[in-house]
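What the coordinates show
As a plain string of letters, each chain reads:
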Amino acid sequence: MSDPAPDLLELRGVSKHFGSFRAVDDVGFTVRAGARHAVIGPNGAGKSTLFGLVSGTLAATTGSLLLDGRDVTRLPVHRRVGLGIAATFQHSSLFLPETVLENVLLAALRRAGAGARTGLGGRRRAGTRAAATARARTLLERVGLPTRHDVPAAELSHGERRQLEVAVALATEPRLLLLDEPAAGMSPAETERLTRLIAALPDDVTVLLVEHDLDMVFELADTVTVMHLGNHLTTGTPDEVRASAEVQSAYLGTTEVTS
Ligand code: ADP
Ligand code: MG
């Protein structure tokens, strides 16, 4: 066996308080480079809040976040995107009037934008756009939207929008891809397609996934973190998590896991 993969992300005692309410309370775990790491837990467990702390849309009240050992706790979203953190959100953040291709292209150019801002010439910028367009087309093929380039995002079905969100996130060339309930509202066939897409992502994209669909979680994940009422219950292999009595009583044993 080779050495275990290094940690890409480390959460150290991370909390998010809303007033006196602790939506995320002293949570610590690590995400290995290349992992397919799922975060599960009942509604209100603090999963989306935790993702906000990692992506930077929310500021941590306490604790710290390290990407590759570098403290990113206080960095704004765009700096984190520049370091390779990309997120799709539980509530969509697409530009609905823009076409499918334009949505992906805008994300790709944002990622390339640091170069443009530091004074690249016009020809180089045109090259950047051509390269980004080619890449956007490849990504749309990968997520299963190869024939929808010129359609406004507003005209996509619910499932297609989620596919587009994944393409938009991938366009920023993430090292860490955060997916918050990507299968929410999808048909079984769309969920199956998305599962295959995530499974086929290259190993240099580490995936941190919140998902209610436990079939999808246990099919994809090599590591599972369970949260409950803002707390970290456990992190382990899917088998360990399934076998945990604490997890059973907090979550898996309940019949109502959705909504
Ligand atoms: P999950 O994604 O696990 O369902 P959330 O992270 O969305 O949970 O929410 C965790 C808890 O924090 C919930 O009780 C929710 O009502 C609360 N919460 C989330 N965002 C806010 C906010 N901006 N202000 C106050 N409370 C919030
Ligand atoms: Mg949520």
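You'll find the structure just up there.
The structure contained in this document is the topic of the report that follows. (Residues numbered from 1 in each chain as written. Chains lettered and ligands numbered in written order. Predicted model: local features only at pLDDT ≥ 70, side-chain atom pairs only at ≥ 80, totals over all residues. Heavy atoms only, no water.)

1. Considerations on the pairing of strand β2 (residues 21-32)
Successive side chains on a regular strand alternate, one facing one side of the sheet and the next facing the other. One ladder, built from 8 bridges, connects strand β1 (residues 7-18) with β2; its direction is antiparallel. Each bridged residue has a counterpart across the sheet, and for H17 the counterpart in β2 is R22. Linkage of β1 to β2, two consecutive antiparallel strands, is achieved through a turn of 2 residues, within which G19 is found at a positive phi near 65°. (Pairing = 2+ DSSP bridges. Helix = DSSP H or I, 4+ residues; strand = E, 2+ residues; numbered from the N terminus.)

2. Notes on the sheet that holds strand β3 (residues 36-40)
The strand order β6-β7-β8-β3-β9-β10 describes an open sheet built from 6 strands, whose pairing is mixed. Looking along the sheet, the strands with just one partner apiece sit at the ends: β6 (85-88) and β10 (231-236). Adjacent strand axes in the sheet meet at a mean angle of 15° when their direction is disregarded. Two elements, β3 and strand β9 (residues 223-228), share 4 bridges in a ladder whose sense is parallel. Within β9, the position partnered with V39 by the bridge is T225. Most of the contacts of helix α5 (residues 158-171) go to β6, to which it runs at about 170°, and overall it touches β6 and β7 (176-180). (Axes fitted to C-alpha atoms, helices over the stretch in contact; angles between N-to-C directions. Contact = heavy atoms within 4.5 Å.)

3. Looking at the site of ligand 1
Taken together, F18, F21, A23, P42, N43, G44, A45, G46, K47, S48 and T49 form the complete shell of residues around ligand 1. In this structure, A45 approaches ligand 1 through a main-chain N or O atom, which is 3.1 Å from an oxygen atom. For ligand 1, an oxygen atom lies 2.9 Å from a polar atom in the backbone of S48. Within the residue set of the shell around ligand 1, elements represented by two or more residues are β2 and α1 (47-55). For the shell around ligand 1, the element with the highest residue contribution is α1, accounting for 3 residues. Of the residues contributing to the shell around ligand 1, the split by class is 5 nonpolar, 5 polar and 1 charged. (Near = heavy atom within 4 Å. Polar contact = N/O pair within 3.5 Å; in protein donor to acceptor, adjacent residues only side chain to side chain. Nonpolar A, V, L, I, M, F, W, Y, C, P; charged D, E, K, R; others polar.)

4. Topic: the environment of R135
Checked against the element boundaries, R135 lands in helix α4 (residues 122-142). R135 sits 36 residues away from A171 along the chain, and the two C-alpha atoms are 7.6 Å apart. Apart from the residues within four sequence positions on either side, R135 is in contact with L170, A171 and E173.

5. Remarks on the pattern of salt bridges
Counted by the stated rule, this structure contains 10 salt bridges. In this structure, D239 engages R242 in a salt bridge whose closest nitrogen and oxygen atoms are separated by 3.4 Å. Taken together, the residues D239 and R242, both in helix α8 (residues 238-243) and 3 residues apart, mark about one turn of the helix. On the basis of relative accessible area, D239 is assigned to the exposed category, the value being 54%. (Salt bridge = Lys/Arg side-chain N within 4 Å of Asp/Glu carboxyl O. Buried < 20%, exposed > 50% of the residue type's maximum accessible area, 1.4 Å probe, protein only.)

6. Quick notes on the packing of aromatic side chains
Applying the stated criterion across every chain, the model contains 0 aromatic pairs. Over the aromatic face of F218 sits the side chain of R242, whose NZ or CZ is 4.2 Å from the ring centroid. (Phe/Tyr/Trp six-rings, centres within 6.5 Å; stacked < 30°, edge-to-face > 60°. Lys NZ or Arg CZ within 6 Å of the ring centre and 35° of its normal.)

7. Looking at empty space enclosed by the protein
Scanning the entire structure with this criterion turns up 1 cavity of 30 Å³ or more. Of the volumes computed, that of the largest cavity is approximately 30 Å³. What lines the largest cavity is simply R36, H37, I198, V207, L209 and L220. Residue assignment for the lining of the largest cavity shows that the elements contributing at least two residues are β3 and β8 (206-210). In terms of residue class, the lining of the largest cavity is built from 4 nonpolar, 1 polar and 1 charged. (1 Å grid on protein atoms, 1.4 Å probe; cavity = no way out; pocket = protein on both sides within 12 Å on 5 of 7 lines; lining within 4 Å. Points joined across faces, edges and corners; volume = space filled by probe spheres on them.)

8. Points about the side chain of T172
Looking at the secondary structure, you find T172 in the loop between α5 and β7. Within polar-contact distance, the side chain of T172 engages the backbone oxygen of A169 at 2.8 Å. When sequence neighbours within four positions are dropped, the list of residues in contact with T172 reads V81, A86, A107 and R111.

Geometric descriptors of this kind do not, in isolation, establish any biological role.
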